[in-house]
Protein chains: 2
Amino acid sequence: MGSTREKIAVDAMGGDYAPAEIVAGAIRASEELDIEILLVGDPHQIEAVLQNHPTSRKLEIVPAEDVISMHEEPLTSLRRKPKASINVAMDLVKNKRASGVVSAGHSGAAMAAGLLRLGRLKGIARPAIGAVFPTLMANKSVIVLDVGANVDCRPKYLEQFALMGKVYSQYALGVEDPKVGLLNIGEESCKGNDVALQTYQLLEENPHIPFIGNAEGRDVLSGQFDVIVCDGFVGNILLKFAEAIGDVLLQTMREELPYGLRGQLGTALLKPNLRRIKQRIDHAEHGGGLLLGVDGICIISHGSSQAPSIFNAIRLAKEAIDHQVLERIQTSYAQSQGQSVASVQSSTES
Amino acid sequence: MGSTREKIAVDAMGGDYAPAEIVAGAIRASEELDIEILLVGDPHQIEAVLQNHPTSRKLEIVPAEDVISMHEEPLTSLRRKPKASINVAMDLVKNKRASGVVSAGHSGAAMAAGLLRLGRLKGIARPAIGAVFPTLMANKSVIVLDVGANVDCRPKYLEQFALMGKVYSQYALGVEDPKVGLLNIGEESCKGNDVALQTYQLLEENPHIPFIGNAEGRDVLSGQFDVIVCDGFVGNILLKFAEAIGDVLLQTMREELPYGLRGQLGTALLKPNLRRIKQRIDHAEHGGGLLLGVDGICIISHGSSQAPSIFNAIRLAKEAIDHQVLERIQTSYAQSQGQSVASVQSSTES
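An unreviewed UniProt entry lists chain A under the name Phosphate acyltransferase, with Lusitaniella coriacea LEGE 07157 given as the organism. Under the UniProt heading Subunit (unreviewed entry), the note attached to chain A is "Homodimer. Probably interacts with PlsY."

Okay, here's the thing in structure tokens:
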């Protein structure tokens, strides 16, 4: 452990393109970001991939015997396979050998492993998955949570999501004065289903949450909100729709732009500009979701992640670690409860 | 009533750009589509707009004294203003002077007026708003319902939405063998919240619904499904998000494409192709939502509708009329209940 650099455990076996693309993304991260990588998985398979990158830095391998495949039932398989790569990766964080985990494997299993192995942050009723979207405003992002951890949410959970989202926006995304919205079907406080109505009330009354009102579907990407809370059912549908619509747009452009002679010439001229458009809208450029509310930094990447996504996911983990997102959530929660921070920290550590 | 052409009542006073853009769209529809238009609203204001189109066909005006503005509470204002344009327009359908209504006014008021003035189709528990989206497959659309009429839905309502959506897809969109999906957070039948789980069961067991399984957010625009059912909370958020994301892409293209000298030249060359892309993704090109389940054809357009949207909305109404969507829904519902069609029709007429 000669290095003082933060270590991030990467589940090398999780995802449609594991281990090749996972390892490739991890190598790039270890070279370009100031971090150490622990590759968790089958040493033989990982070594074979590393041999295709002979000039790269040597990465440490942490052996794991098993993998949880995409079609297994999360809880059963996590218990039946204690040495599965996702379990081993979480244990590295639990035992303080790593500061964060990145996995593109079974997302339900990653979520459950995070919850079971790391536990919840004190006071947090339910962890949530946050997804960071680009907005219409240049260099401005919005974090939407929950995008899939909880299909049914009580108003109290959504209130906590708002608090965690605010902390993330403030410290990890550097928004000085984050604005929080509640995803709903109208601007007025009287709009929405029962959960939305009650949550509106809670958010409005909480002095620790900078709530500015309901966010409609059209407001999600407007840049007007920095944090948007919703239950995991709506959030997950929105996230997957957003990912797919990027593909629809790119395909529409691919079909229509090169049409005709002028089209072919124009498209050729525009190549670098089109690449920038692709970067701005392509979901593969965004690293993954953050599991907020467990006692460790966990990034849950898309199953279809290739090297660039994994690189971005590792960067996301590093940013959360560098900005002490966990500690900030804990402090912020304690303040919202009127508790002393020291008492919460000591009880978390115990 | 010398003409045998179908008549469509257009709420000339509803929408951000009323009456000018509404009337302009209606004029175009009366010239290009084989229909008659009844313009409902303040005769003075409508006449003033008509004078700007001196060469156009003369449209009939049906006077209405009042308007329901965007910020009024629907039920109260509908009752307090019986002569509001939306009420008068609905009455034209009720009294068989028109076969359909198009309104870009207060959508909650349009929905309530449809329900109160026209009533529900026999057996239908809740009307739903259906929105037709383009898909990744050329010339293939998907109808998503409900996109805003019912924030909370029982499984039984969603089952009826599936039936109405199937009929619409089959007869108005011409899909021979429509495939129905349930919007959910996973493909497996065990995924989702309580309502989703119960609805899955109902859809699977109903021999009159060609249910092929859950549709995730990414599947909405894939073209794999012809009909997707969801509650009005999720559907409305999805609809508004989809509308806005088109704008995000168009703005990203406007910002990035003309960048640099090559960019400017390339963009100039691509002008016609870019126009086609805009047409394919711009929500203004799609007419509006269909209020399915009330006893009349009602198209609820976006408040920001301008002439092209209104034209498309009127075309949507005409298609629904031409293909006898109401009668088909009624027949299909009766069949699903094992009733004779004649008995349902006679009880509807009574």
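Before going further, it helps to examine the environment of V151(B). In this structure, V151(B) sits in the loop between β6 (141-145) and α6 (155-172). Counting along the chain gives 119 residues from V151(B) to L270(B), while the straight-line C-alpha distance between them is 43 Å. Excluding residues within four positions of it along the chain, V151(B) makes contact with I185(A), G192(A), N193(A), D231(B) and F233(B).

Residues and elements named next belong to chain A. Covered by surrounding structure in strand β11 (residues 297-300) are I297 and I299 together with C298 and I300, the residues of both alternating faces. Bridge analysis of strand β4 (residues 100-103) against β11 gives four bridges, and the strand direction is parallel. Within β11, the residue paired with V102 across the bridge is I299. Note: strand β10 (residues 289-292) against β11, two bridges, orientation antiparallel. Bridge pairing links G289 to I300 in β11. Connecting β10 to the antiparallel partner β11 that follows it, the hairpin turn spans four residues, and G293 within it adopts a positive phi of roughly 115°.

Here chain B sits on chain A after a turn of 180° about the axis and a move of 0.0 Å along it, with an RMSD of 0.1 Å. Expressed as a symmetry operation, the mapping of one chain copy onto the other fits a two-fold axis. Relative to the rotation axis, the closest C-alpha in chain B is found at G266(B), a distance of 2.1 Å. Mapped onto chain A, 100% of the interface residues of chain B again fall at the interface, so both copies present the same surface.

Here we take up the side chain of H106(A). Residues and elements named next belong to chain A. Secondary-structure assignment places H106 in the loop between β4 and α5 (107-118). Overall, H106 belongs to the buried group, its relative accessible area being 13%. A distance of 3.0 Å separates the side chain of H106 from the backbone nitrogen of A109, its partner in a polar contact. Contacts of H106, omitting those with residues within four sequence positions, involve I68, S69, M70, E72 and P74.

Let us now look at the packing of aromatic side chains. All names here are of chain A. All chains considered together, the criterion is met by three aromatic pairs over all chains. Where Y200 meets F211, the ring centres are 5.1 Å apart and the plane angle is 85°; that geometry is what we call edge-to-face. Residue Y200 is found in helix α7 (residues 194-205), and its partner F211 is found in strand β8 (residues 211-215); the two are separated by 11 residues along the sequence. A residue is classified by how much of its surface remains accessible, and Y200, at 12% relative accessible area, is buried. Sitting over the face of the ring of Y171, R328 holds its NZ or CZ atom 4.1 Å from the ring centroid.

Of the residues lining the interface, 52 residues belong to chain B; the matching set on chain A comes to 52 residues. Summed over both partners, the interface of chain B with chain A buries about 5,100 Å², with 70% contributed by carbon and sulfur atoms. Of all residues in chain B, I185(B), F233(B) and F241(B) bury the most surface against chain A, accounting for 13% of the area lost on that side. Remark: the boundary between chain B and chain A carries four salt bridges. Our enumeration of links across chain B and chain A arrives at 16 residue pairs in polar contact (both at pLDDT 80 or more). Sorting the residues of the side of chain B that touches chain A by element identifies α7 (194-205), α8 (232-256), α9 (260-269) and α10 (271-281) of chain B as the ones contributing at least two each. Residues of the side of chain B that touches chain A, tallied by class, amount to 29 nonpolar, 13 polar and 10 charged.

Attention now moves to the sheet that holds strand β9 (residues 227-229) of chain B. Residue and element names in this part refer to chain B. Reading across from one edge, β3-β2-β1-β4-β11-β10-β5-β6-β9-β7-β8 is the order of the 11 strands in this open sheet, with mixed pairing throughout. Two strands bound the open sheet, and with one partner strand each, they are β3 (60-63) and β8 (211-215). Averaged over all neighbouring strand pairs, the angle between strand axes comes to 25°, with direction disregarded. Here three bridges tie strand β7 (residues 180-183) to β9, and the two strands are oriented parallel to one another. Each residue of the ladder has a partner; that of L182, found in β9, is V229. Packing of α7 onto the sheet brings it into contact with β7, β8 and β9, and relative to β8 it is tilted by some 165°.

Looking now at the sheet that holds strand β9 (residues 227-229) of chain A. Residues and elements named next belong to chain A. Reading across the sheet, the 11 strands line up as β3-β2-β1-β4-β11-β10-β5-β6-β9-β7-β8 and stay open at both edges, with mixed pairing between neighbours. The sheet is open, and its two borders are formed by β3 (60-63) and β8, each paired with just one other strand. For this sheet the average axis-to-axis angle between neighbouring strands, irrespective of direction, equals 25°. Note that strand β7 (residues 180-183) and β8 share four bridges and pair parallel. By the bridge assignment, L183 is partnered in β8 with A215. Here helix α1 (residues 20-32) sits on the sheet in contact with β1 (7-11) and β2 (36-41), set at roughly 165° to β2.

So, on to unusual backbone geometry. In this structure, the amide linkage connecting A18(A) to the following residue, P19(A), adopts the cis form with an omega of -5°. With respect to the element layout, P19(A) can be found in the loop between β1 and α1. Despite not being glycine, Q324(B) has its phi angle at roughly 50°, a positive value. Tracing the chain through its elements places Q324(B) in the loop between α11 (307-322) and α12 (325-336). Relative accessible area serves as the criterion here: at 40%, Q324(B) is assigned to the partly exposed category.

Cut-offs used in this document
- Residues numbered from 1 in each chain as written.
- Chains lettered and ligands numbered in written order.
- Predicted model: local features only at pLDDT ≥ 70, side-chain atom pairs only at ≥ 80, totals over all residues.
- Heavy atoms only, no water.
- UniProt positions renumbered as here; feature names shortened; annotations may be inferred.
- Helix = DSSP H or I, 4+ residues; strand = E, 2+ residues; numbered from the N terminus.
- Contact = heavy atoms within 4.5 Å.
- Buried < 20%, exposed > 50% of the residue type's maximum accessible area, 1.4 Å probe, protein only.
- Pairing = 2+ DSSP bridges.
- Least-squares fit on C-alpha atoms with pLDDT ≥ 70 in both.
- Polar contact = N/O pair within 3.5 Å; in protein donor to acceptor, adjacent residues only side chain to side chain.
- Phe/Tyr/Trp six-rings, centres within 6.5 Å; stacked < 30°, edge-to-face > 60°.
- Lys NZ or Arg CZ within 6 Å of the ring centre and 35° of its normal.
- Buried area = accessible area lost by both parts, 1.4 Å probe.
- Salt bridge = Lys/Arg side-chain N within 4 Å of Asp/Glu carboxyl O.
- Nonpolar A, V, L, I, M, F, W, Y, C, P; charged D, E, K, R; others polar.
- Axes fitted to C-alpha atoms, helices over the stretch in contact; angles between N-to-C directions.

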